[in-house]
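Breakdown of the fold
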Amino acid sequence: MTNESEQPSRAEFAEGDADIWREFLGREIPLLYGMFMKRWPNPSLAEELVQKTVFDAVRGWGSYDPSRGSPEEWIFGIARNNIRLEIRKRASQPTVNGSISNYLEVIDTRALPNEVLEREETVAAVHSALSRLESKEQAVLRAKYIEGLSAHDIAKQMSITEKAVHSLLYRARISLRQELKKMTASNEEEQKL
Amino acid sequence: MKREDDNLSYRNSVSRSDENISRLVKLTNGSNKPGKAFTESLIDNALGKLKKLKTARKQEIINVSRWEKTIGWAAMVAAGCGAVLAIVASTLLKINLFLEAVVILTVSFNWLTYLGEHTL
């Protein structure tokens, strides 16, 4: 019975019906994100992989065959393939050693390696550094990077001007880097003792 | 020129730094769900791409059917010409056979007349 009722929407999905796709992506994106987060606890990487999976699916929508399975099974097949590719990519790259402190000096010029971001000590250090910032600085960083709000929306939310948002963001980024440096320096000293 | 290069590298460093800070701050997001803004923007971009692909595919189908139509017409014209040629050739062949028969009959008749005249 379920299969019979699913068939028309499968056909519409295969035809690229925008409403069916919107509903499908809205339902599947959080599930895909959860799947990637379970594999690597790294929100940025999870977002990157979700984005890749969704665009792979869109580019290959013509290859979806309703008789071979549901759209859910199909997109999760693409996601599993992207996990395999990521594993292969990591295996081909040299192992990343060292803690976050080694990368703070080059934060302006090099991308932080995913392996460093996925370490528990990095997550703990960032949590701790963020909690030491002023509440306004914490709020602006969270609004910008976690909620993904624009400067205009943040300004509205915080009842300040857009210019003030930009300068607050600038100060917050500097403060976070300073706190991270302090944290990692004190951690290293503790380890030496 | 040098100033432009400096400006460019400054902009690159700002975007790299911004990207790295973004990745660090996202680590503190306790939720196992993606941000609403991320999800909405991804859906909109994906649907935009899907629309473009659908339009391109429709155009491709139209182009293919145009080619098919042209080739179909060309094949029909060729088949028609072939049929006319076959009819004309067979008619000519029939006329040729008829003429041959007339010639043979005329020659035979003439011989018979000649022989008849000389033997009698």
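Structure shown above.
The structure reproduced in this document is the subject of the present report.

Definitions and cut-offs
Residues numbered from 1 in each chain as written. Chains lettered and ligands numbered in written order. Predicted model: local features only at pLDDT ≥ 70, side-chain atom pairs only at ≥ 80, totals over all residues. Heavy atoms only, no water. Helix = DSSP H or I, 4+ residues; strand = E, 2+ residues; numbered from the N terminus. Buried < 20%, exposed > 50% of the residue type's maximum accessible area, 1.4 Å probe, protein only. Contact = heavy atoms within 4.5 Å. Core = buried A, V, L, I, M, F, W, Y, C linked by side-chain atoms within 4.5 Å. Expected span 1.5 Å × (residues − 1). Phe/Tyr/Trp six-rings, centres within 6.5 Å; stacked < 30°, edge-to-face > 60°. Lys NZ or Arg CZ within 6 Å of the ring centre and 35° of its normal.

What follows covers the environment of Pro 66 of chain A. All names here are of chain A. Within the fold, Pro 66 resides in the loop between α3 (43-59) and α4 (71-92). A residue is classified by how much of its surface remains accessible, and Pro 66, at 23% relative accessible area, is partly exposed. In this structure, the C-alpha to C-alpha distance between Pro 66 and Glu 47, residues 19 residues apart in sequence, is 27 Å. Those residues in contact with Pro 66, other than ones at most four positions away along the chain, are Arg 10 and Ala 14.

Counting 35 residues, the largest nonpolar core has Trp 21, Leu 25, Phe 36, Val 50 and Val 54 of chain A as the members making the most contacts within it. Listing elements by their share of this core, those giving two or more residues are α1 (2-15), α2 (18-39), α3 and α4 of chain A together with α2 (36-119) of chain B. No other element matches α2 of chain A, which puts 10 residues into this core. Leaving out residues up to four positions away in the same chain, Phe 36 of chain A has contacts with Ala 46, Leu 49, Val 50, Thr 53, Ala 79 and Ile 83 of chain A.

Let's shift gears to α2 of chain B. Relative to the 124 Å expected for 84 residues at 1.5 Å per residue, α2 of chain B spans 122 Å between its end C-alpha atoms, a close match to the ideal helical length. Residues Phe 38, Thr 39, Leu 42, Ile 43, Ala 46, Leu 47 and Leu 50 of chain B constitute the buried set of α2 of chain B. Buried residues in α2 of chain B make contact with α2 and α3 of chain A.

How two aromatic rings sit relative to each other is set out by the distance from centre to centre and by the angle between their planes. Within the structure shown, the criterion is met by 8 aromatic pairs over all chains. Both rings, one in Phe 13 of chain A and one in Trp 74 of chain A, keep their centres 5.9 Å apart while their planes meet at 80°; by these two values the pair is edge-to-face. Of this pair, Phe 13 of chain A sits in helix α1 while Trp 74 of chain A is found in helix α4, placing the two residues 61 residues apart along the sequence. Residue Phe 13 of chain A is classed as buried on the basis of its relative accessible area, which comes to 2%. Relative accessible area serves as the criterion here: at 18%, Trp 74 of chain A is assigned to the buried category. Between Trp 111 of chain B and Tyr 114 of chain B, the aromatic rings sit 5.9 Å apart at their centres with planes inclined by 90°, giving edge-to-face as the arrangement. Of this pair, Trp 111 of chain B and Tyr 114 of chain B both sit in helix α2, 3 residues apart, which is roughly one turn of the helix. Judged by its relative accessible area of 52%, Trp 111 of chain B is exposed. Site record: aromatic cluster; members linked through ring pairs are Phe 13, Trp 21, Phe 24, Tyr 64 and Trp 74 of chain A. Its guanidinium or amino end placed over the ring of Trp 40 of chain A, Arg 39 of chain A lies 4.9 Å from that ring's centre, counting from NZ or CZ.

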